[in-house]
Amino acid sequence: MLAPINSIDPVISVRDVVVVLNHQAVLDHVSLDVVRGEVLGFVGASGTGKTVLMRTILGLLPKRGGTIEVLGVDLGKAGGEQRRAIERRWGVLFQQGALFSSLTVIQNVQFPMREYLKLSDRLMDEIAITKLEMVGLKPDVRDKYPAELSGGMIKRVALARALALDPEVVFLDEPTSGLDPIGAGDFDELIRTLQQTLGLTVYMVTHDLDSLNEICDRIAVLSGGKVIVTGTMATMLECEHPWVKEYFRGKRARAIGAAQAHA
Amino acid sequence: MAILKGVHEAPAGGFHGRGNTSMSVALTGEPLLRSLAQGDYLRLAAVGSWTAQHASDLELQVDSAVAQGNSVNRIDLDMAGVDNIDTFGAWLLERLLRGFAEADRRITIVGMPDRFRGLIKEAHQSNRAVPGDAHEDVLASVFALLWRAFSLMTRDVLLNVEMFGALVLAILRVLIRPGSFRLTSMVHHLDRVCWRAVPIILLITVLIGAIIAQQGIFHFRRFGAEVYVVDMLGILVMREIGVLIVAIMIAGRSGSSYTAELGSMKIREEVDALQTMGLDPIEVLILPRIVALVIALPILTFLGSMAALYGGGMVCWLYAGMSPDVFMARLREIISINHFEVGMSKAPFMALVIGIVASVEGLQVKGSAESLGLQTTASVVKAIFLVIVLDGVFAIFFAAIGK
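Throughout, a residue's number is its position along its own chain's written sequence, starting from 1. The lettering of chains begins at A and the numbering of ligands begins at 1, in the order of writing. In keeping with the model being predicted, local features are shown solely for residues with a pLDDT of at least 70 and side-chain atom pairs are shown and tallied solely at 80 or more, while totals for entire chains, interfaces and linings include all residues.

This part covers the overall build of chain A. Numbering of helices and strands runs from the N terminus, with a helix taken as a DSSP run of H or I at least four residues long and a strand as a DSSP run of E at least two residues long. If you tally the helices and strands in chain A, you get 10 helices and 10 strands. Using C-beta atoms placed from the backbone, we call a residue buried if 20 or more other C-beta atoms fall within 10 Å of its own, exposed if 12 or fewer do, and partly exposed for counts in between. Expressed as a percentage of the 263 residues in chain A, the buried residues total 42%. By the convention adopted here, residues are in contact when the distance between their C-beta atoms, placed from the backbone, does not exceed 7 Å. Intrachain contacts of chain A at a sequence separation of at least 6 include 66% that bridge at least 24 residues.

Right, here's the structure in full:
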C-alpha cells in the first residue's frame, strides 16, 4: 500500500555513498535526500558521475560503502522480495529510451503491467493507450516498433513505460537531451503536468538549464565526487563555487536569463 | 454510508443475470464499489484504494455496476470514500461513466476529492479514438499472405542480382583505379576467414574422410571389394564432399559473421555515414570481404580435401590393414587431374554466392536486435541452400561436357 503522505519523509535518502570504478573513486561519500513530491534536478560536469549515482541507487552498479534508502527501505539490506516490491514502485527513463526493440510500442508500455499485475487484455489496452495519450502520443503509434520512431517519440514512449505501473518515484536520465528546444520545452511541461497529476517524486539527471529553471523544485550539484550544494535556483545563483558560478552564471546561462528578462 | 454497508450481501431486485454472476466474482476481492439499487435509483459508493494493485477486482465491479445501471434511471456516485487513485482507477471510473453515458443514464457524482481532478480529467480525454475496423476476409488474407511470400521471394532474387551488379561495378572501378582497393581490409578479412578457419576445417574434414572410409570398408568387405574404398573416397572427396563441406562450414562461420557485422553497422548508421562521406559502402565494406572469401575458399577446399584423404587413408590402414603404400598407389591410379579441377573450380563460385547472400542480408537489417538475428539466420540458411543448388548445377554441367 501507499505510504501515508508526509511532506518531510525523504523518498530517496543517500548517505555517504562511495562508488569505485576502475580503481578510481567516482563518488566519494555522497549524501543526498529527495523529498516526496518534489522534482530534483541533478547537475554536474560531464563525467563527474551523475549517471553513476542514479545507476547505483537503482542497483545497477555496486557501491563500496554508505547506505541507500528508497521509500523507507534500505536497499543494501533488502531481500529479493522486498527489492522487487520497491522496483514496482519506481519507474526509470533511460537516456536512450532503452525500449525493447522487438516489441511494439503498446507491448513495451504493457510489459511491466503484464509482469506485475493480472489484468484483462481489454483493460491493459485501454490503460496503455491512456498512458500514451498522457505523454502526448497519438493512439495510432501503438503497433509501431521502436526502430520506426523519432528520437522524441522514443523518449515519450519510454516515459509512458516508466509510468506504466503508476510509480511513486521516477528517475529520468537526461530526459531532454537530443530533443530540439521546443520538443525539450514540451517534454519539461509534460513532466511537470504528470508530476502534479500523479503526485510523482522526480529525480532528474540533466544538463538542460531550461529544465532546471522551469520544473525543478530543488537542484543538487555534483562535483569532485561530492554533492557540493543543494537548493533552489536562487541558492545556485548565490553560490560562490567556481564551477557552479560558471554553470549558472556563465555565458549560456546569461543568454537564457536575458531571453527570459526580454520575454 | 451506514446504509450502504453490507448492502452487497443482500442485493436488491432488478439485477440482470450477467450482473449477478460478475457480482459474485467481484465479492471475492476487496469491495471497492458498493452498490444499492432502490427501484429505479442506484446508489454507488466508491471506497478504498483505486490503484493498480486492485485494478483487476475493480474492473469486474465496475462492469457489473454498468450492467446494473441499465435497469435504473437515476444514479448517484459517492467518491468520498476513496483513499487514493492512480491512472488505473481513474480510467476505470471513466469507463463506468462512459458505460452509463452510452445507456443514456443520468449520473450525479458527489464528494470528489480535489486532488483527484487532474488525473480524472486526463482519463476523460483518453481512449477517444474509435479503433479501426478489424474485420478480415479469410480467403483474402490467405491470398495476401501468398502474395507477400511471392513478392518477398522476387525481391530477394532482385536484391541478390542487384548486389552482384553493384559488385561488378565496384570491381571495374577498382580495376580503373587500383589504388582505391582496400588491400589492408582485405588482408584482415583473409586472416579471419582463411587462416583462422584452418584448424576447424582440417579437424572436420579429417573426420568426414575417416567416416566415409570406415563406412565404405564396412559395406564393401562383404563383397571382398575393400580396395575400391579408395576409388570411392578419392572421387567423392575430390569432386564433391571436399568443396561442399568447406563451403557449408564457411557459410556458417564467415557468412553469418559478415551479416552480423554489416547489420550492426547498418543499425548504428555507420553505413549511412560512409555514404554521406562520398564513399561507396559496397567498395569499402563488401568488396574486400567478398574478395577475401573468394581467395579463401579454394585454399580451404584444397586443405580440406587433403585432410579428408589423409583421414580416409588412416582408417584404411588402421581399420582395414591397407598399407599407406597400397593406398597411395591406388589413389594415383584412379584420381586424374580432372577430378581435382572439377572440385576446385567450384570453390570460387560458391564463395561468391556466400559473400553476396551474406552482404544482402546484412544490409537488410532494420533497427532491432530481433531483425539482426533474423537476417543472420536467413543469411546462413539461404547461403547453404544456394551452395547445394549450385553444386547440383555444376554436376549437370560437368556431366554434359563429359568431364
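The partner chain B presents 24 residues to the 24 residues of chain A that form the contact. Breaking the side of chain A that touches chain B down by element, the ones donating at least two residues are helix 4 (121–134) and helix 6 (181–198) of chain A. For the side of chain A that touches chain B, the leading source of residues is helix 4 of chain A, giving 8 residues. By the convention adopted, Pro, Cys, Tyr, Trp, Phe, Met, Ile, Leu, Val and Ala count as nonpolar, Lys, Arg, Asp and Glu as charged, and the other residues, Gly among them, as polar. Considering only residue class, the side of chain A that touches chain B consists of 13 nonpolar, 6 polar and 5 charged.

All names here are of chain A. Its identity as a non-glycine residue notwithstanding, His-23 has a phi of 60°, on the positive side. Mapped onto the fold, His-23 is located in the loop between strand 1 (10–21) and strand 2 (24–35). At Glu-174, a residue that is not glycine, the phi angle is positive and equals roughly 45°. Looking at the secondary structure, you find Glu-174 in the loop between strand 7 (169–173) and helix 6. The exposure class assigned to Glu-174 is buried, which follows from the 20 C-beta atoms found within 10 Å.

Residue and element names in this part refer to chain A. Pairing between strands is defined by DSSP: at least two bridges between them are needed. Alignment of strand 1 against strand 2, held across 8 bridges, turns out to be antiparallel. Paired with Val-14 across the two strands is Leu-32, which belongs to strand 2. Between strand 1 and the antiparallel strand that follows it, strand 2, lie 2 residues; Asn-22 among them carries a positive phi value of about 50°.

Moving on, we get to helix 9 (residues 242–249) of chain A. Here helix 9 of chain A has its buried residues at A:Val244, A:Tyr247 and A:Phe248. Down the axis, helix 9 of chain A shows its buried residues gathered within 80° of arc, on one side only. It is the directions from the helix axis to the C-beta atoms that the arc portrays.

Residue and element names in this part refer to chain A. Residues with a pLDDT of 70 or more make up 92% of chain A, whose mean pLDDT is 81. Scored between 0 and 100, pLDDT is the confidence that the predictor attaches to each residue. The secondary-structure element of chain A with the lowest mean pLDDT is helix 10 (residues 251–262), recorded at 60, while strand 8 (residues 201–205) shows the highest, at 89. Residue range residues 1–7 is modelled with pLDDT below 50. Its contacts to residues more than four positions away, or to other chains, number 7 contacts.

Adjacent strands of a sheet pair through backbone hydrogen bonds, lying either parallel or antiparallel. All names here are of chain B. Read across the sheet, 4 strands follow the order 1-2-3-4 without closing on themselves; strand pairing throughout is mixed. At either margin of the open sheet sits one strand with a lone partner, and together these are strand 1 (33–38) and strand 4 (106–110). Adjacent strand axes in the sheet meet at a mean angle of 15°, parallel and antiparallel pairs treated alike. Bridging between strand 1 and strand 2 (residues 41–50) involves 6 bridges; their strand directions are antiparallel. Across the sheet, Arg-34 pairs through a bridge with Ala-45, a residue of strand 2. For every element, the axis is a line fit to its C-alpha atoms; helices are fit only across the contacting stretch, and the angle between N-to-C directions ranges from 0 to 180 degrees. Of the strands in this sheet, strand 1, strand 2 and strand 3 (74–85) are in contact with helix 2 (residues 55–69), which crosses strand 1 at around 15°. Packing of helix 3 (residues 87–102) onto the sheet brings it into contact with strand 2, strand 3 and strand 4, and relative to strand 3 it is tilted by some 175°.

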